[in-house]
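# Examining the three-dimensional arrangement
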Amino acid sequence: MNDSVPSTVHPYEALTPDVVLNAVEAEGYFCDGRNLALNSYENRVYQVGIEDSQPLIAKFYRPNRWSRAQIQEEHDFCAELVENDLPVVPPMPDADGNTIRDHGGFMFALFERRGGHAPELDNLSNLEIMGRFLGRMHNIGYLKPFENRPSINIETYALDSIEFLMDNQFIPMELETSYRTLTDDLVKIIEQRFSETHFETLRLHGDCHPGNVLWRDDIPNFVDFDDTRSGPAVQDLWMLLSGSERDQQQGQLNKILSGYQQFCRFNGGELNLVESLRTLRIMNYSAWLARRWEDPAFPHSFPWFNTQRYWSDHILTLREQLAALQEPPLSMPW
């Protein structure tokens, strides 16, 4: 880990606009003074203007989150996908071929700015296209395992999240019993679902929601592999499903798999994990906000978090997930 981040109230306090511009210029680029902060909270991401050229995207990794080896594995996976003609936006190498750069105690990477918009997933044709590209991506993901990146698992996403929220007194006292009882029941069911489902793990995008896809000329350009992990293939598929009606989601899944299975075999048994993975994501998200609450950007950007209303709604959402876990899973279209 890089442990030379300046000691301030929060490490990102030291990441001033001048530091961002100086970091990019130290890599041999001439900035024109434009520096636009983009919508990112876990890391800090900026669009930096370059004289007589297109702007660059500079991503400064959150200190002490990922090791250098873990970040390098993310970058190497992106490079491998690009080598296989996948529409991924990879980090740019320097003159020596390095993609991880250092400045002022921060590790950062530079990316080409690529235009596009979020995919319109209510268009079933777009879902089939997404399925084709994810099938190609997963074919590469199966070729070898990650050695340093973590996996999607119950301990990290559920048990650690519950413990952090309880130990740090985020859950209001009057809701603690309800929260603990409910999460105990959820963990038992999720553990059962995982134990009864046979699946292989592979290298995934890991956070494949529409905000991490730039749609351009009917091609989904995948960005932000910061959460790339090992896990079941269905993790990259279920977040493309929308709506609360089962028939609607089944139709969407059918289209995704129609494209996916043109390039990669899908184990239909993994559909048994969809609601478990959704529940793990919900639990992990609340703990993520809590773990980052000392970062000044979080109270400003998420003012509704850590209120009585928030935790009441969170428990209601988890109760809905408990019910969803009792329902039969979506099915294969053939």
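For the structure given in this document, a descriptive report is provided here. (Residues numbered from 1 in each chain as written. Predicted model: local features only at pLDDT ≥ 70, side-chain atom pairs only at ≥ 80, totals over all residues. Heavy atoms only, no water.)

### Points about the overall build of the chain
From N to C terminus, the chain includes 10 helices and 9 strands. Computed over C-alpha atoms, the radius of gyration of the chain comes to 21 Å, within 12% of the 20 Å expected from 2.2 N^0.38 for 334 residues, which places it in the range of a compact globule. For the chain, the spread of C-alpha atoms along the principal axes amounts to about 55 × 50 × 35 Å. Within the chain, the fraction of its 334 residues that count as buried is 48%. Nonlocal contacts in the chain, meaning residues at least 24 apart in sequence, comprise 72% of its contacts between residues at least 6 apart. A distance of 3 Å separates the average location of the 28 positive side-chain charges in the chain from that of its 50 negative side-chain charges. (Helix = DSSP H or I, 4+ residues; strand = E, 2+ residues; numbered from the N terminus. Rg over C-alpha atoms; globule rule 2.2 N^0.38 Å. Buried < 20%, exposed > 50% of the residue type's maximum accessible area, 1.4 Å probe, protein only. Contact = heavy atoms within 4.5 Å. Lys, Arg positive; Asp, Glu negative; His and termini not counted. Charge placed at Lys NZ, Arg CZ, Asp CG, Glu CD.)

### Regarding unusual backbone geometry
With a phi close to 55°, D217 is a non-glycine residue in the positive phi region. Positionally, D217 belongs in the loop between β7 (213-216) and β8 (219-222). Of note in this structure, D218 is not a glycine but carries a positive phi near 60°. With respect to the helices and strands, D218 occurs in the loop between β7 and β8. Relative accessible area serves as the criterion here: at 51%, D218 is assigned to the exposed category.

### As for the side chain of T183
In this fold, T183 is placed in helix α5 (residues 176-196). What makes T183 buried here is its relative accessible area of 0%. Discounting chain neighbours no more than four positions away, the residues touching T183 are I162, M283 and L318.

### Points about the side chain of E270
Along the chain, the position of E270 falls in the loop between α7 (246-260) and α8 (274-291). No salt bridge is formed by the buried E270. Its closest oppositely charged neighbour is R265, at 7.4 Å. In this structure the side chain of E270 is engaged in a polar contact, spanning 2.9 Å, whose partner is the backbone nitrogen of V234. Not counting residues up to four positions away in its chain, the partners in contact with E270 are T197, F199, E200, P232, A233 and V234. (Salt bridge = Lys/Arg side-chain N within 4 Å of Asp/Glu carboxyl O. Polar contact = N/O pair within 3.5 Å; in protein donor to acceptor, adjacent residues only side chain to side chain.)

### Observations regarding the pattern of salt bridges
As enumerated under the stated definition, the model contains 21 salt bridges in all. Residues D295 and R62 are paired through a salt bridge, measuring 2.7 Å at the closest nitrogen-oxygen approach. Pair noted here: D295 is in the loop between α8 and α9 (297-301) and R62 is in the loop between β3 (56-60) and α2 (68-83), with a separation of 233 residues, a long-range link. In this structure, D295 and R62 share a single accessibility class: buried. Measuring nitrogen to oxygen at the nearest pair gives 2.9 Å for the salt bridge that ties R281 to D207. On the criterion of sequence distance, the pair formed by R281 in helix α8 and D207 in the loop between β6 (202-203) and β7 is long-range, its members being 74 residues apart. Overall, the relative accessible area of 32% leaves R281 in the partly exposed class. Among the charged side chains, a salt-bridge network with shared partners connects E42, R44, K59, R62, R65, E74, D224, D226, D227, R292 and D295.

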